[in-house]
Every structure is written in C-alpha cells, then in structure tokens.
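# Summary of the model geometry
If you want the building blocks of each chain, they are given just below.
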Amino acid sequence: MNRPITVGITGGSGSGKTLFLKQLMEAFNAQEVSLLSLDNYYKPRHEQPMDDQGIENFDMPESLDRERFSADLKKLKAGEDITIQEYTFNNDSKTPEIIHIKSTPIIVVEGIFTFYYKEINSLLDFKIFIEAPDYLMLTRRITRDAEERGYDLSDVLYRFQHHVTPSFKKYIEPLKYDSDIIIPNHNGFERALDVVITYLRGKLQE
C-alpha cells in the first residue's frame, strides 16, 4: 500500500467496541496494524465540563483534546510514529503507561466522538459503527467502570442516565448512517468481523 488505510470505529459506551477491537487487532501482526484510541486524549479532570450537580461530564465533545488527537492521527497517516501517555481517569491506583504507536499500513482509530469531530472524520477511509441494546451497554459499562475507573454503582448509574445516554442520542447515534458498515452486537459479531478482516486483508494486498 502507498499510504495507510484509516479505519474508524465508534458506537455507544458499552456497545462492545473493546472486544471487537481486540479480535480485529489479533487478526493482524504488529507490522500491519496499529491502534489510536480517543480514550487517551481526555483533558485533565479539572478541565472537564461540569453538569448542574457539579459532577464532571466526560461524555461531551469538549471533554477531549481533539486538536492533539487530530495532529497525532495526521502524523501516523504521514508515516511518523508517535508516543502518548495512557489516560487513567480517576483511578489513582493505576500508573499510566507510555504508549508507542507505529505508523502501519492499517491504522485503527476508535472513540465515541471519532465520527463527530469533522476534522477527524475527514481522515477516515473506512467507518464502522457498533450498536447494542441499552440494557447491554449499561451492564458492560457497570463492569468496566467498576474495574477500570473505580466508580461505584450509584456513580455509574448517574453518569449513564445523565451523561452517557443524552450524549449518545445527541452526538453519536445520528452519525450511525454515515458509517460504511453497521454491526449489531446483540448476540456476537463474528460474521461481521470476518467481513471486515477480509476487506482489510484485500487492502493490504493492493
């Protein structure tokens, strides 16, 4: 390939993006594919927008450093490797990792606002939207936020109702039909994953 192909993946929080990404990345070697996650571009907690209860809302477009994200994606597409620091939210027990990302023939870009930011959307060659029922997304969110971010159940439920769901309905779901493929993740996504892998392998051979 003369230039990298950039694959954008989005969907609601808890739609199953992480598992899909894991299996997609495992289908290629480290010289073929790299991952750039929008989750590592959140602004510091003191810069997060607050809701009317004084609670940080990490589910707003202004919660992330879109300029830095866009600049790093452009570097990868231009053939330049980058180094970033993992974002750990409020999990003080977790030491942030230093992440080295190579410019590879396939660059996977994932995050809830990947399609919403126009300057990033314009850099995507192939767009995937993963969807799941609300009850499944909530269940996955409870598990993830308890294990990875240290939120208790009441905090997770509050954020899901007042932050996650309104943001999804306003900023993310309307762009579903702007994607190249919509993957329903109700009972697994194996066949859809096979289609995506086959498509990308074909691109590698061009």
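Refer to the structure presented above.
This text gives an overview of the structure that appears in the document. These numbers were taken from a predicted model, which means no experiment stands behind them.

The rules behind these values
Residues numbered from 1 in each chain as written. Predicted model: local features only at pLDDT ≥ 70, side-chain atom pairs only at ≥ 80, totals over all residues. Heavy atoms only, no water. Helix = DSSP H or I, 4+ residues; strand = E, 2+ residues; numbered from the N terminus. Contact = heavy atoms within 4.5 Å. Salt bridge = Lys/Arg side-chain N within 4 Å of Asp/Glu carboxyl O. Buried < 20%, exposed > 50% of the residue type's maximum accessible area, 1.4 Å probe, protein only. Polar contact = N/O pair within 3.5 Å; in protein donor to acceptor, adjacent residues only side chain to side chain.

## A few points about the side chain of T10
Checked against the element boundaries, T10 lands in strand 1 (residues 5–11). When residues no more than four places from it in sequence are discounted, the contact partners of T10 are K17, G111, I112, F113, F115, I128, F129, I130 and I172.

## Here we look at the pattern of salt bridges
Counted by the stated rule, this structure contains 11 salt bridges. A salt bridge links D155 to R159; the nearest nitrogen and oxygen atoms lie 3.0 Å apart. With D155 and R159 both in helix 5 (residues 153–172), this residue pair falls four residues apart, about one helical turn. For D155, a relative accessible area of 22% corresponds to the partly exposed category. Exposure remark for R159: the relative accessible area of 5% places this residue in the buried category. Ionic contacts of the salt-bridge type, sharing partners, join the residues R3, K77 and D125 into one network.

## Section: the environment of T198
Position of T198 among the secondary structure elements: in helix 6 (residues 190–205). A polar contact of 2.8 Å, which involves the side chain of T198, links it to the backbone oxygen of D194.

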